Amino acid sequence: MLTTFASAWANLRTRWHLFAGAFVAVALGVALVASMGLGLAAATDPPAGKPQRFAAQPVVVMPHDTLTVEVDRGPHRAHVAKKIPHPQPVDKELLRELAQLGTVHRDHLAPDAVGVDASAAAVREVVGDRAQVLTGAARRLADPGAERDAQAVVAVRAMLGTAGGVSAFVAVFVTASTFAFVVALRRREFGLLRLAGATPGRVRRQLLTESLAVGVAASATGCALGSWGAPLLARALTDNGIAPPWFTVGGSAGTPQSTSWTTWTYWASWPFQLAFWTGLFVALAGAWAASRRAGRIGPVEALRDADVDTDVMPWSRRIAGAALLALGLGLTVHTLWTDPSALLKRKTYTTQPMILITAAAALAPLLVRPVLRMIRLPGAVGLLVRENAAASVRRTAAVAAPVLVTVALAGSLMGSAESVSAAKAHEADEQTNSHLIATGDDLSLARRPVPGVAALSPSASTAVFALEDGTALVRSEARAVSDPAALAATSRLPVVSGDIRRLDDRSIVVNEEWEHHRVGDRLTVWLGDGRRTTLRVAAVLARGTGDNGAYVTMANAGAAPVDRIDVRLAPGASPTAVTDALRATTSGHDVRVRTTAAWLDASHPRVTPQTRQGMLLLLGIALTYTAISLAGTQLMAASVRDGELRALRRAGATWAQVRWMLTGEALVAVAAGTALGLAVTALNLGGLATALALLSPESGARARAGAGLAAEVVMPWGVVGSAVGVCAVVAVGAGVLGAGWGRRKRAVG
């Protein structure tokens, strides 16, 4: 054991350049996981903000804003709570009782809560379970922006969780590839160890010991970097509008320093523990497969091994890659067969492509050779570049694989997001039959008619809740309308059965995603204010992209304020004159009257800024790892190519020609990775295009109703091209600089 440790320590000191790439990859991965973990911890238990609306009152009484329903959980029953959008205001009887305790302060702009100048104990005794009693920092829940901030925190948790998963995925891949390439470069060394009497177990233990030392050092470094980077991450989230302005994350700037116990508690918290042990696991897992390969190297085989790579992929890796490929394709086909709309959901198109990407990366050494055969380069240098890349397929695959991952992530994630957004925008355009749309908060129209208007449909945003299979309480976004006939005139809803003009106070319009969606079915639902009622299905809409929500009348929307008015002009009416008349007769907050095209551009952008920033964060992580992997691979390869480069010089090649050869090899490997990444992107986006086509039948009731979806797939060439450019610059720069560094080292020697 001592001999193993001594040998591993000597290798780490003398061959540090072989382990630098793995060290940086693990350290960066641990730093990212620690930062994301600290962000998740802060988002799970966010700091209490200061109340604004009732800051001067010690107690706030607010109606219950959750709906609690009993559901089945196997053999037991459980209660599930959902947030309701429009809680019923505090009833008048309770207000009279509160007035006897002290002054009651009401906000007439939003009368959903009241402040009371009385003791909390007295207020709780009077209120009982009829409403919520808020004191201290909890009074902030009554502020108008509390719900918006809560949704922003949920979005932060989702984004950080996804980013942490991508970080771990890419870190495992980069680290495993780095150790595998290290083993490939050290075949002769391991062969000499076997010739000297070392057993396969001894070789494996040495490599695992080296990876253990690298993992411990890199994980500790990463935890320190994560503590420093967490506050910077929080600042970036708030500056870009992803997190609320008050959101903060503990880090080096806020590390407790008052006592040694609080400092130890901070460093022993779960984000650092998760990050450290994840980094150590990644290092050992990455080296484990490589150590098994190293243990199988025989002394005679290693000593007589030629420079041409043979048997570059073990059968275990081929089987694992083929299984992942079959799983990824099988999941896509199964989803298309059972529920095509699931491929349009963010959780699906951000996680399912990872399976195909992993499969392609695992099979990269096998897939690189066919791609290389298709490359034709002119001249003697071009021929040498192509043959070198084909002969050293391990080195070529080690460069191509991270490029493949980055290109596939950029194309699949950003392309899916933009394609789904484009389909939603097209669907909204197809379903709108109005000329003008007025939007704002709490809109109201004067009773006098608006000249030049053929149909006018006010509506409000609300929600309905339904119990599916007795096990899940499902929330569906809905719109409440006051005139179903006007809704039919100002829209082209994708009705597959029934008639939306038959909608009344005792009925509802649903879509095909509902468990019961036959016209005439009677559904038990809970409305946006928490009331339970039974409604009859008046019409059924197509599923579409998932934005075809339910429709109810204003009587079933509680206190939902009108926030949109669709207007269809009469023949010959002037849009400008009608716009001026609407502005004159419409009151509310932030009233805006726009053409339908302008409203669609504002409400259905190609990709929302928050989504784009979240995607760019994920791609930035992947690109950083790719740069590290490329630089490490090229520097490691340059460190063992001295003999080959000297032979070229003796054959008459100039250093300029050698540099051109190294540049060509790097570009060929990057091109191979790009081609494979685009192929994976085509598979992922092809599944999405098929889902859009399945949801867009060319004939039938849906097509006649205007339910067609645009099956156009958006390829983010700008993002992909930028990623490929960065990969090419890093690969070429590291390859040429590594060869130059080796040349200077020989000159000094």
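What counts and what doesn't
Residues numbered from 1 in each chain as written. Predicted model: local features only at pLDDT ≥ 70, side-chain atom pairs only at ≥ 80, totals over all residues. Heavy atoms only, no water. Helix = DSSP H or I, 4+ residues; strand = E, 2+ residues; numbered from the N terminus. Buried < 20%, exposed > 50% of the residue type's maximum accessible area, 1.4 Å probe, protein only. Contact = heavy atoms within 4.5 Å. Areas by Shrake-Rupley, 256 points an atom, 1.4 Å probe, with all protein chains shown as cover. Expected span 1.5 Å × (residues − 1). Bend = angle between axes of the 7 residues up to and from the residue. Salt bridge = Lys/Arg side-chain N within 4 Å of Asp/Glu carboxyl O. Pairing = 2+ DSSP bridges. Axes fitted to C-alpha atoms, helices over the stretch in contact; angles between N-to-C directions.

Draft legend 1. Region of the structure containing the overall build of the chain. On a plain count of helices and strands, the chain comes out with 24 helices and 16 strands. Within the chain, the fraction of its 749 residues that count as buried is 49%. Taking the intrachain contacts of the chain between residues at least 6 apart in sequence as the baseline, contacts between residues at least 24 apart amount to 80%. A total of about 34,200 Å² of accessible surface is found on the chain, and carbon and sulfur atoms cover 60% of it.

Draft legend 2. View of the environment of T396. With respect to the secondary-structure elements, T396 resides in helix α16 (residues 393–431). Taking relative accessible area as the criterion, T396 reaches 4% and is therefore assigned buried. Here the alpha-carbon distance between T396 and P365, two residues 31 residues apart in the chain, equals 8.0 Å. Once you skip the residues sitting within four places of it in the chain, T396 turns out to touch V368, L372, A389 and A669.

Draft legend 3. Examining helix α7 (residues 200–239) more closely. Between the first and last C-alpha of α7 there are 54 Å, a value that for 40 residues agrees with the 58 Å anticipated at 1.5 Å per step. Taken as a whole, α7 carries its principal kink of about 35° at G229; the proline P231 stands between one and four residues after it.

Draft legend 4. Quick look at the environment of T406. Within the secondary structure, T406 is located in helix α16. Residue T406 is classed as buried on the basis of its relative accessible area, which comes to 3%. Excluding residues that lie within four positions of it along the chain, T406 makes contacts with A622, L623, T626 and A723.

Draft legend 5. Seen up close, the pattern of salt bridges. A complete count under the given rule lists 12 salt bridges for this structure. Between D563 and R479 there is a salt bridge, and its shortest N-O distance comes to 2.7 Å. With D563 in strand β15 (residues 562–569) and R479 in strand β9 (residues 472–481), this pair connects stretches of sequence that are 84 residues apart. R479 sits in the buried class, given a relative accessible area of 18%.

Draft legend 6. Examining the sheet that holds strand β5 (residues 114–116) more closely. With antiparallel pairing, the 4 strands of this open sheet are ordered in space as β4-β5-β1-β6. The sheet is open, and its two edges are formed by β4 (104–106) and β6 (132–135), each paired on a single side. Direction aside, the axes of adjacent strands within the sheet are offset by 30° on average. By the bridge criterion, 3 bridges tie strand β1 (residues 59–62) to β5 in an arrangement that is antiparallel. Among the inter-strand pairings, V59 is bridged to a residue of β5, identified as V116. Packed on one face of the sheet, helix α3 (residues 92–99) meets β1, β4 and β5 and runs near 135° to β4. Strands β1, β5 and β6 of the sheet are contacted by helix α4 (residues 120–127), whose axis makes an angle of about 170° with β6.

Draft legend 7. Layout of the side chain of D529. With respect to the element layout, D529 can be found in the loop between β12 (522–526) and β13 (532–541). If we ignore the near neighbours within four places in the chain, the residues touching D529 are I84, H86, Q88 and G558.

Draft legend 8. Focus on unusual backbone geometry. Positioned with a positive phi, D442 is a non-glycine residue whose angle comes to about 55°. The topology assignment puts D442 in strand β7 (residues 436–445). What makes D442 partly exposed here is its relative accessible area of 46%.

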